[in-house]
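# Commentary on secondary and tertiary structure
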Amino acid sequence: MNNIRKTAKRLTLALYNIDEAYYASEKKKRLSDAELCIMYALDDGKPHSQKEICDEWLVPKTTVNTITKKWEAQGLLTLTAIPGKRREMQITLTDSGKVYAKTVMAFIYRAEDKALSKALDKYSDTFIEALEFFGASLKEAFEEELKDGSSQG
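Reference entry: report on the structure contained in this document. (Residues numbered from 1 in each chain as written. Predicted model: local features only at pLDDT ≥ 70, side-chain atom pairs only at ≥ 80, totals over all residues. Heavy atoms only, no water.)

## Examining the overall build of the protein
- Looking only at helices and strands, one finds six helices and three strands in the protein.
- What you see in the protein, going N to C, is helices and strands ordered as α-α-β-α-α-β-β-α-α.
- Dimensions along the principal axes, computed over C-alpha positions, put the protein at roughly 55 × 40 × 25 Å.
- The buried share of the protein, reckoned over its 153 residues, is 24%.
- Partitioning the contacts of the protein with sequence separation of at least 6, the portion at a separation of at least 24 is 49%.
- Entry remark: accessible area of the protein is about 11400 Å², with carbon and sulfur atoms responsible for 57%.
- Averaging the locations of the 24 positively and 24 negatively charged side chains of the protein gives two centres separated by 5 Å. (Helix = DSSP H or I, 4+ residues; strand = E, 2+ residues; numbered from the N terminus. Buried < 20%, exposed > 50% of the residue type's maximum accessible area, 1.4 Å probe, protein only. Contact = heavy atoms within 4.5 Å. Areas by Shrake-Rupley, 256 points an atom, 1.4 Å probe, with all protein chains shown as cover. Lys, Arg positive; Asp, Glu negative; His and termini not counted. Charge placed at Lys NZ, Arg CZ, Asp CG, Glu CD.)

## A closer look at the packing of aromatic side chains
- The tally for this structure, following the rule as stated, stands at three aromatic pairs.
- Arranged with centres 5.4 Å apart and planes meeting at 40°, the rings of Tyr40 and Trp57 form a pair that is tilted. Taken together, the residues Tyr40 in helix H2 (residues 33-42) and Trp57 in helix H3 (residues 50-57) connect sequence positions 17 residues apart.
- Classification of Tyr40 as partly exposed rests on a relative accessible area of 24%.
- What makes Trp57 partly exposed here is its relative accessible area of 27%.
- For the ring pair Tyr123 and Phe127, a centre distance of 6.4 Å and an interplane angle of 55° mean the geometry is tilted.
- Owing to a relative accessible area of 32%, Phe127 belongs among the partly exposed residues under this scheme.
- Aromatic ring contacts, followed pair by pair, group Tyr40, Trp57 and Tyr109 into a single cluster. (Phe/Tyr/Trp six-rings, centres within 6.5 Å; stacked < 30°, edge-to-face > 60°.)

## Side note on the nonpolar core
- Grouped together as the largest cluster of nonpolar side chains are 23 residues, with contacts concentrated most on Ile38, Leu42, Ile53, Trp71 and Leu77.
- Counting residues per element, the ones that place at least two in this core are H2, H3, helix H4 (61-73), strand S2 (77-81), strand S3 (89-93) and helix H5 (95-123).
- The biggest single contributor to this core is H2, with seven residues.
- Not counting residues up to four positions away in its chain, the partners in contact with Leu77 are Leu42, Thr68, Trp71, Glu72, Ile91, Thr92, Leu93 and Thr94. (Core = buried A, V, L, I, M, F, W, Y, C linked by side-chain atoms within 4.5 Å.)

## Quick word on the packing of H5 against helix H6 (residues 126-148)
- The geometry of H5 relative to H6 is characterised by a closest axis approach of 8 Å and an angle of 100° between their N-to-C directions. Classified by the interaxial angle, the pair formed by H5 and H6 is roughly perpendicular. On H6, the residues touching Leu116, Ala119, Leu120 and Tyr123 of H5 are Thr126, Phe127 and Ile128.
- When its residues are assigned to classes, the contact of H5 with H6 shows six nonpolar, one polar and no charged. (Axes fitted to C-alpha atoms, helices over the stretch in contact; angles between N-to-C directions. Parallel < 35°, antiparallel > 145°, perpendicular 65-115°, else oblique. Nonpolar A, V, L, I, M, F, W, Y, C, P; charged D, E, K, R; others polar.)

## Structural notes on unusual backbone geometry
- With a phi close to 60°, Leu58 is a non-glycine residue in the positive phi region.
- With relative accessibility at 73%, the residue Leu58 sits in the exposed group.
- A positive phi angle, close to 55°, is found at Ser124, a residue other than glycine.
- Residue position: Ser124 is located in the loop between H5 and H6.

## Details of the environment of Leu36
- You can see Leu36 is positioned in helix H2.
- The class for Leu36 is buried, based on a relative accessible area of 4%.
- Residues Leu36 and Val104, spaced 68 residues apart in sequence, show a C-alpha to C-alpha distance of 8.9 Å.

## Here's the deal with the pairing of S3
- Bridge count between strand S1 (residues 48-49) and S3: two bridges; the pairing is antiparallel. Within S3, the residue paired with Ser49 across the bridge is Gln90. (Pairing = 2+ DSSP bridges.)

## Description of a negative patch on the surface
- A cluster of like negative charges, contributed by Glu140, Glu143, Glu144, Glu145 and Asp148, occupies part of the molecular surface.
- Following the sequence through the fold, Glu140 ends up in helix H6. (Patch = residues over 30% accessible without salt bridge, like charges linked within 9 Å, V, L, I, M, F, W, Y side chains within 5 Å. Salt bridge = Lys/Arg side-chain N within 4 Å of Asp/Glu carboxyl O.)

In structure tokens:
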């Protein structure tokens, strides 16, 4: 296995390890992956459209819609029509939704803070910039491969 293949495998395994950490926390908090993504998006205190959450967090539109309808019925959020947009809704946490988010997200944020503090002590912010660059480059490379038809083997 050449060096690039070994490095790609290490990176992929590291990303799966990160996913597993979140997955394990979701199970303990009884949130689905999609619910965690939506709560993470909404807990920044800003309103978000359903489309924005779908695009940014890669959660299917029907899943976002199902979860937001459920949480709206529970009084955790409000859905408001966006002026000029026919079917797009803006999502905002209610006061009880903010309390719920703080409760659900608190241990995740503490764990992230601990892990990032260690990582930033050792690598500064460069490792995040490198990961962001790799993510954008990989997305671009996959799009090129699919466009060129090179994905046929």
